[in-house]
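Analysis of the macromolecular model
The residues making up each chain are set out below.
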Amino acid sequence: MSWKCPKCSFELGDEACQCVACGYRIKTRLVLTSNIGKNWITTVSTEVTRRSYRHIYPDVEHQYIPRNDGENPYSVILDANNCWFLKANGSSPVAVMLNGTLCESGSEYQLNNGDSIAIASRNDSSKQVAPVKVSFVKNDAG
């Protein structure tokens, strides 16, 4: 099944979340998937915490995520244009990597389908754990 862009009327495939003609984005759910196949899904801007990672990595790797309030490694932000962003938390004792690049504290980085997010040591960013892949699914509720 396809859909028509409400901005320019371009016809798009059902799997598309963004119009290739004008850039319009439909509302999506952000999906973070671990390398063991577990998902965490959100429809709203939120902090990504140890509790979030417990859904993605129930066995071991969630233990690398700080448990104290305000020390979450990053937040995900949905803007008015239905774009998702990652915002690194400078108060976290761990660092965040996006596609192998260290994220600066407080900076926002647009998330794209297929991006990879990992938690890293602040002292040695080559030490990375808990990798997740970014994907999006249409938010049929809105």
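Look above for the structure.
Positions within a chain are numbered from 1, following the residues in the order the chain's sequence is written. It should be noted that, the model being predicted, local features are given only for residues of pLDDT at least 70 and side-chain atom pairs only at 80 or more, the latter also being counted only at that level, while totals for whole chains, interfaces and linings use all residues. The basis for the side-chain values is all heavy atoms of the structure; hydrogens and waters are excluded.

**Some thoughts on the environment of K7**
Along the chain, the position of K7 falls in the loop between β1 (2-4) and β2 (11-13). Only protein chains enter the accessibility calculation, which uses a 1.4 Å probe. A residue is then buried if its area is under 20% of the maximum for its type, exposed if over 50%, and partly exposed in between. Of the residues examined, K7 reaches a relative accessible area of 61% and is grouped as exposed. The spacing of K7 and I56 is 49 residues in sequence and 36 Å in space, taken between C-alpha atoms. Whether two residues are in contact is decided by their heavy atoms: any pair within 4.5 Å suffices. The residues touching K7, leaving out its near neighbours within four places in the chain, are C22 and Y24. Note on conventions: DSSP H or I runs of at least 4 residues are helices, E runs of at least 2 residues are strands, and numbering of each starts at the N terminus.

**Brief notes about the side chain of T42**
Summarising the element assignment, T42 is placed in strand β4 (residues 39-42). Any pair of N or O atoms that falls within 3.5 Å is considered a polar contact. Within protein, one atom must be able to donate a hydrogen and the other to accept it, and sequence-neighbouring residues count only if both atoms are side-chain atoms. Here the side chain of T42 touches V44 through a polar contact of 3.0 Å, landing on its backbone oxygen. Not counting residues up to four positions away in its chain, the partners in contact with T42 are R29, L30, V76 and W84.

**Quick notes on the nonpolar core**
Residues enter a nonpolar core if they are buried and are Ala, Val, Leu, Ile, Met, Phe, Trp, Tyr or Cys, with the set joined through side-chain atoms within 4.5 Å. The biggest cluster of nonpolar side chains holds 32 residues, and the ones touching the most others in it are L32, Y53, Y74, L111 and I117. No other element matches the four residues that strand β12 (residues 128-138) contributes to this core. In contact with L32, other than residues within four places in its own chain, are K38, N39, W40, I56, Y74, I117, V132, K133 and V134.

**Looking at the sheet that holds strand β8 (residues 94-98)**
The strand order across the open sheet formed by six strands is β4-β3-β12-β11-β8-β9, and the pairing between neighbours is antiparallel. Of all the strands in the sheet, the pair left with one neighbour each is β4 and β9 (101-102). Strands pair, by our definition, only if DSSP identifies at least two bridges between them. Note that β8 and strand β11 (residues 116-121) share five bridges and pair antiparallel. Of the residues in β11, the one forming a bridge with V96 is I119.

**What to know about the sheet that holds strand β10 (residues 108-110)**
The strand order β5-β6-β7-β10 describes an open sheet built from four strands, whose pairing is antiparallel. Whereas interior strands pair on both sides, the edge strands pair on one side only; in this sheet they are β5 (46-48) and β10. Ignoring which end each strand starts from, the neighbouring axes of this sheet average 30° apart. One ladder, built from five bridges, connects strand β6 (residues 74-78) with strand β7 (residues 84-88); its direction is antiparallel. Bridge pairing links Y74 to A88 in β7. Interaxial angles span 0 to 180 degrees and are taken between N-to-C directions of axes, which are lines fitted to C-alpha atoms, for helices over the stretch in contact.

**Describing the environment of Y57**
With respect to the secondary-structure elements, Y57 resides in the loop between α1 (50-56) and β6. Along the chain, Y57 and A16 lie 41 residues apart, while their C-alpha atoms are 28 Å from each other. Setting aside chain neighbours within four positions, we find Y57 in contact with S34, N35, I36, H62, A130, P131 and V132. Side chain to side chain, Y57 and N35 meet in a polar contact 3.1 Å long. Within polar-contact distance, the side chain of Y57 engages the backbone oxygen of P131 at 2.5 Å.

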